[in-house]
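# Overview (structure and organization)
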Amino acid sequence: MNRHIFLIGFMGVGKSTVSQKLKELMKADEMDMDAAIVRETGMSISEMFERFGEDFFRKKETELLRRIAGSDPMIVSCGGGCVLREENVAIMRECGTIVLLTAEPTTIYHRVRYGTGRPILNGHMNVDYIAGLMEKRRAAYEGACDLSVSTDGKRPAQIADEIVRQSY
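Attention here is on the structure that accompanies the text. Residue indices begin from 1 for each chain and proceed along its sequence in written order. Confidence filtering applies because this is a predicted model: local features only for residues at pLDDT of at least 70, side-chain atom pairs given and counted only at 80 or more, and all residues used for totals across whole chains, interfaces and linings. Note that water and hydrogens are dropped before the side-chain values are worked out from all heavy atoms of the structure.

### Observations regarding the packing of aromatic side chains
How two aromatic rings sit relative to each other is given by the distance of their centres and the angle of their planes. To pair, rings of Phe, Tyr and Trp, with the six-membered ring standing in for Trp, must have centres within 6.5 Å; the planes then decide the type, stacked if under 30 degrees apart, edge-to-face if over 60, and tilted in the middle. Using the criterion set out here, one finds two aromatic pairs in the structure. Seen from their ring centres, Phe49 and Phe57 are 5.7 Å apart, and the 50° between their planes marks the pair as tilted. Judged on exposure class, the residue Phe49 and its partner Phe57 are both buried. Between Phe52 and Phe56, the aromatic rings sit 4.7 Å apart at their centres with planes inclined by 35°, giving tilted as the arrangement. Relative accessibility under 20% of the residue-type maximum defines a buried residue, over 50% an exposed one, and the middle range a partly exposed one, all with a 1.4 Å probe and only protein chains included. For Phe52, a relative accessible area of 42% translates into the label partly exposed.

### Things to note about the pairing of strand S1 (residues 4–8)
For S1, the buried fraction is high: five of the five residues fall into the buried class. Sheet topology places S1 next to strand S4 (residues 96–102); five bridges connect them, and they run parallel. Bridged to Ile8 within S4 is Leu100. When DSSP finds two or more bridges between two strands, those strands count as paired. Labels follow the DSSP assignment, with helices taken as runs of H or I lasting at least four residues and strands as runs of E lasting at least two, numbered in each case from the N terminus. Relative to strand S3 (residues 75–77), S1 is paired through three bridges, and the arrangement is parallel. Along S3, the bridge assignment pairs Phe6 with Val76.

### What about the pattern of salt bridges?
For salt bridges, the criterion is a side-chain nitrogen of Lys or Arg within 4 Å of an Asp or Glu carboxyl oxygen. Per the stated rule, a full pass over the model turns up 12 salt bridges. Notably, a salt bridge pairs Glu40 with Arg67, separated by 2.4 Å at the nearest N-O pair. Separated by 27 residues along the polypeptide, Glu40 in helix H2 (residues 33–41) and Arg67 in helix H4 (residues 54–69) bring together distant segments of the chain. On the basis of relative accessibility, which here comes to 43%, the residue Arg67 falls in the partly exposed class. A salt bridge links Glu63 to Lys60, with the shortest nitrogen-to-oxygen separation between them at 3.7 Å.

### Focus: helix H8 (residues 156–167)
In an α-helix, one turn spans 3.6 residues, which is why side chains three or four residues apart end up on the same side. Taking 1.5 Å of rise per residue, 12 residues should cover 16 Å, and H8 covers 16 Å from first to last C-alpha, within 8% of that figure. Residues of H8 that are buried: Ile159, Ala160, Glu162 and Ile163. Down the axis of H8, the sector holding all buried residues measures 160°, keeping them to one side. In the core, the buried residues of H8 are packed alongside S1, helix H1 (15–26), S4 and strand S5 (147–150). Given the number of residues in a helix, its expected span is that number minus one, multiplied by 1.5 Å. By arc we mean the arc of the directions from the helix axis to the C-beta atoms, nothing more. Any two residues whose heavy atoms approach within 4.5 Å at even a single point are treated as in contact.

### Observations regarding the sheet that holds S3
Read across the sheet, five strands follow the order S2-S3-S1-S4-S5 without closing on themselves; strand pairing throughout is parallel. Two strands close off the open sheet at either side, each with one partner strand: strand S2 (30–32) and S5. Within this sheet the neighbouring strands show an average axis-to-axis angle of 20°, counted without direction. When S4 meets S5, the two strands line up parallel, connected through four bridges. Within the sheet, the bridge partner assigned to Leu101 lies in S5 and is Val149. Across the sheet, H4 touches S1, S2 and S3, and the angle it forms with S1 is around 155°. Lines fitted to the C-alpha atoms define the axes, with helices restricted to the stretch that makes contact. Angles between their N-to-C directions range from 0 to 180 degrees.

### Concerning the side chain of Arg137
By secondary structure assignment, the location of Arg137 is in helix H7 (residues 127–144). Here Arg137 sits buried without a salt bridge, and the closest side chain of opposite charge, Glu54, lies 4.8 Å off (N-O distance). Engagement of the side chain of Arg137 in a polar contact is seen with the backbone oxygen of Gly80, the distance being 3.4 Å. Think of it this way: Lys and Arg go in the positive column, Asp and Glu in the negative one, and His and the chain ends go nowhere. Counted as a polar contact is a pair of N or O atoms within 3.5 Å, where, for protein atoms, one must be capable of donating a hydrogen and the other of accepting one, and residues adjacent in sequence contribute only when both atoms are in side chains.

### Observations regarding the nonpolar core
Buried together is how nonpolar side chains tend to be arranged in soluble globular proteins. For this analysis, a nonpolar core means a set of buried residues of the types Ala, Val, Leu, Ile, Met, Phe, Trp, Tyr and Cys, connected via side-chain atoms within 4.5 Å. The biggest cluster of nonpolar side chains holds 50 residues, and the ones touching the most others in it are Phe6, Leu7, Ile8, Phe10, Met92, Leu101 and Ile163. For this core, the element with the highest residue contribution is H7, accounting for five residues. The contacts of Leu7, once residues within four sequence positions are left out, are Lys15, Val18, Ser19, Leu22, Ile75, Val76, Ser77, Cys78, Val99, Leu101 and Ile163.

Written out as structure tokens, the structure reads:
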């Protein structure tokens, strides 16, 4: 592996789970950006949004991406909104392959409906809201990616295999 693999996509598409499978398959290091930011700040994502706002969290993503860019290639599971900053996309493009994972809004709803750690969905946990937010972000996701893989009805190992086949 000579470049990073960045997994992007809406929350609940399977980025964290698939990154673990890719790690096993490719014998590579792996990082979940959300988890790394939580560890570094000592706050949950919900707490960061509540105390300091979304922009604070987005700045933390950019800082972390800069550090990742200077490190050995790894599998990186990005936060759902990471591509909303053009600077983040530019960093990822320079040092890696960007893989968009997709899923239908109903699939995402079924995957995230019992979670409480997704501040963007707090008070809006329904398929219509998810579909609307996905549509708002669609152009950013599609414009950033080098390849796209649907996760609907697939096991994480199948998705990881598909990414490896398409990437190498």
